[in-house]
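Chain by chain, the residues:
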Amino acid sequence: MTYKDLIAALQYYEIDDLEYINRCEECLKFIYNCNLLDDFNYYHDLLFVDTKNEIRKLWRYKNLEELFIIRVHPYITCLLLLSGYQYHIENMEKFKFSRHQRKLHKKRVREALTNDIFKRKYKGIRVSQMLWGAYFINCRLIEVGILQFEVFDEKTVYIHITSDYKLNINKVKSSIKKSKKYLNKYFGLENVNYYCHSWILSKQIHELVGKKTNIYQFYDLFSTIEGEDCLDDILNFVYGIRSINNYSELSENTSLQIKIKEYLLKGNSIKLGIGKLKNEGIIKNKD
């Protein structure tokens, strides 16, 4: 990645914060001065060039030191994500995305590049945010209504809930139904199976919330099995934090936060829910 590439990528994603730009330039110098260019290019290729889906292996890394072995500049994940901007342009053209879909894609990558820094006040963006942004750059995701749909293969699509919207069961059903049209339009997919891996599909969460809640009703759309511990997701999405040493310090601003806090203080654990959509009726189009 050259300085010219960096500036072009920042302009493409409409990032004009001076401090952010300076930190990116500082990181680029760090990469060259510390002879990390080969490592940088290796991960760049895994993110945007590799055709064997090796990118999925990167989800196991929780921090930069695990990726690079040594202590690196915290903006290196930003630069890795920015290094794919040309692929983003080419991929959106390849799949003939609408102007609306392209606008959403740029917005989501910009959020992946900045939310950890501007909103969560982290020193850089997490590996998970880099990977999530890369999925958009590779055009493996489309957004329909309040949901995002990740194409895994020609018969498998994963559902993700966007952070912009509150969970609303009627809008969920509408998004799933409409997605069938767009999955066919952009990817030529038909008769796909919909899956969702989420803390919202946790059996334990399902038992904590009321039957009239959107979380309860979302769970009932799927046939689920129990996955691994999802405390990190609970802390991130429910409480907006990365970690905590004492559950008694968890916030109590919502009824859900209160219930989960009480549950954890009793020594209980919360498991990820792995679900397959069971109500095929909600995805049949009338037109």
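Residues numbered from 1 in each chain as written. Predicted model: local features only at pLDDT ≥ 70, side-chain atom pairs only at ≥ 80, totals over all residues. Heavy atoms only, no water.

J.: Help me understand the packing of aromatic side chains, please; the structure alone is not making it clear to me.
T.: The description of two aromatic rings rests on the distance between their centres and on the angle between their planes. One pass over the full model with this rule turns up 19 aromatic pairs. When the centroid spacing of 4.9 Å and the interplanar angle of 75° are considered together, the rings of Tyr 12 and Tyr 13 count as edge-to-face. In this pair, the class of Tyr 12 matches that of Tyr 13, namely buried. Plain terms: the ring middles of Trp 132 and Phe 136 are 5.8 Å apart, the flat faces sit at 85° to each other, and that makes the pair edge-to-face. (Phe/Tyr/Trp six-rings, centres within 6.5 Å; stacked < 30°, edge-to-face > 60°. Buried < 20%, exposed > 50% of the residue type's maximum accessible area, 1.4 Å probe, protein only.)

J.: Looking at this model, I keep getting lost on the sheet that holds strand S6 (residues 271-277). Mind explaining?
T.: By way of backbone hydrogen bonds, the strands of a sheet pair with one another, either parallel or antiparallel. Spatially, S1-S2-S3-S4-S6-S5 is the arrangement adopted by the six strands of the open sheet, whose pairing is mixed. Two strands lie at the open edges of the sheet, namely strand S1 (141-144) and strand S5 (222-229), each paired on one side alone. The average undirected angle you get between the axes of adjacent strands in this sheet is 25°. The pairing of S5 with S6 spans six bridges and is antiparallel. Across the sheet, Asp 229 pairs through a bridge with Lys 271, a residue of S6. The strands touched by helix H9 (residues 169-187) within the sheet are S1, strand S2 (147-153), strand S3 (156-161), strand S4 (193-198) and S6, with S2 carrying the most contacts at an inclination of about 45°. (Pairing = 2+ DSSP bridges. Helix = DSSP H or I, 4+ residues; strand = E, 2+ residues; numbered from the N terminus. Axes fitted to C-alpha atoms, helices over the stretch in contact; angles between N-to-C directions. Contact = heavy atoms within 4.5 Å.)

J.: What's the story with the side chain of His 206 in this structure? I'm lost.
T.: Checked against the element boundaries, His 206 lands in helix H10 (residues 203-208). Using a relative accessible area of 12% as the deciding quantity, one classes His 206 as buried. The residues contacting His 206, other than those within four sequence positions of it, are Tyr 216, Tyr 219 and Asp 220.

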